[in-house]
Number of protein chains: 2
Amino acid sequence: MPINKVSLKEKFGCFNDYWKPKIIGEINDAHIKLVKIKGEFTWHHHDREDELFLVVKGRLLMQLRDGDITLDEGEFIIVPKGTEHCPASLGDEVHVLLMEPKTTLNTGNILNEYTVTRPERI
Amino acid sequence: MPINKVSLKEKFGCFNDYWKPKIIGEINDAHIKLVKIKGEFTWHHHDREDELFLVVKGRLLMQLRDGDITLDEGEFIIVPKGTEHCPASLGDEVHVLLMEPKTTLNTGNILNEYTVTRPERI
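S.K.: Would you mind going over the pairing of strand S6 (residues 75-79) of chain B with me for this structure?
M.R.: Along any regular strand the residues' side chains alternate between the sheet's two faces. All names here are of chain B. Across the five residues that make up S6, a large majority, five, are buried. Of the two faces of S6, the one holding Glu-75, Ile-77 and Val-79 and the one holding Phe-76 and Ile-78 are both buried throughout. As paired strands, strand S4 (residues 51-64) and S6 are joined by four bridges and run antiparallel to one another. Each residue of the ladder has a partner; that of Leu-54, found in S6, is Phe-76.

S.K.: Explain the relation of the copies chain A and chain B to me, please; I cannot follow it from the model alone.
M.R.: A rotation about some axis, followed by a shift along it, carries one copy of the chain onto the other. Once chain A is rotated about the relating axis by 180 degrees and shifted along it by 0.0 Å, it coincides with chain B to within an RMSD of 0.0 Å. The transformation just described matches what one would write down for a two-fold rotation axis. The residues that chain A uses at the interface reappear at the interface of chain B in 97% of cases, marking a shared surface.

S.K.: Honestly, the nonpolar core in this entry has me stumped. Any pointers?
M.R.: Soluble, globular proteins show a tendency: their nonpolar side chains are buried together. Counting 30 residues, the largest nonpolar core has Ile-32, Leu-52, Phe-76 and Met-99 of chain A together with Ile-32 and Phe-76 of chain B as the members making the most contacts within it. With near-sequence residues (within four places) excluded, Ile-32 of chain B lies in contact with Leu-52, Phe-76, Ile-78 and Met-99 of chain A together with Lys-22, Ile-23, Ile-24, Gly-25, Ile-27, Leu-97, Leu-98 and Met-99 of chain B.

Calculation notes
- Residues numbered from 1 in each chain as written.
- Chains lettered and ligands numbered in written order.
- Predicted model: local features only at pLDDT ≥ 70, side-chain atom pairs only at ≥ 80, totals over all residues.
- Heavy atoms only, no water.
- Buried < 20%, exposed > 50% of the residue type's maximum accessible area, 1.4 Å probe, protein only.
- Helix = DSSP H or I, 4+ residues; strand = E, 2+ residues; numbered from the N terminus.
- Pairing = 2+ DSSP bridges.
- Least-squares fit on C-alpha atoms with pLDDT ≥ 70 in both.
- Contact = heavy atoms within 4.5 Å.
- Core = buried A, V, L, I, M, F, W, Y, C linked by side-chain atoms within 4.5 Å.

Below, the structure written as structure tokens:
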């Protein structure tokens with residue numbers, strides 16, 4: 001398979017739905033994904049997976065049971081396995097790069113209308 | 001351990017040496033690292049590890065045996081395990097975010113003056 005570079009800007013231009021992570025890369029046992037978020041997600045945790053959120057555009061509010069953390073462009077947070085969290089946008093939509101094991105379900109231990117069992121590849 | 005956000009800009013401001021990856025995050029079995037590069041590295045491959053290079057600033061030349069790929073800010077490349085590669089800067093220094101398994105040695109199968117056996121944490 002040929003090796004290609006990936007442009008975050010180009011990939012973010014390929015979709016407009018919210019809370020639907022798209023796979024843009026595969027590295028060892030992990031996926032690189034992009035997601036656009038607006039409003040508030042659902043509280044959940046992942047039993048076995050740490051999850052990285054890197055803000056590419058906008059302002060992300062990561063709600064944790066111990067307090068909130070606000071992230072701007074160029075900032076990331078790693079939410080350790082077992083940690084309840086609930087991401088939300090502050091202001092307009094937020095563009096986020098995710099890195100997480102391929103086994104990660106976006107809503108973790110919760111199944112609801114936000115759950116995406118088979119993320120699209122773009 | 002408290003959960004903190006990490007600012008790429010702040011972390012890149014913490015060091016000035018070239019080709020010495022710094023660990024800035026730990027996620028599952030992988031490290032998130034930053035590196036500043038200038039000039040040309042050394043040809044090498046990793047037997048077991050895929051490696052992601054995301055350009056945060058500047059222009060990266062990723063030399064592969066099949067041809068060169070030029071990456072600008074906001075672009076990444078995943079170099080699959082077993083693939084010989086040699087990164088280099090184009091123009092001034094390049095700031096790169098790396099994601100790779102904790103077992104990854106920066107010079108892969110090669111041991112030379114560029115080898116960093118115990119990357120610093122910043």
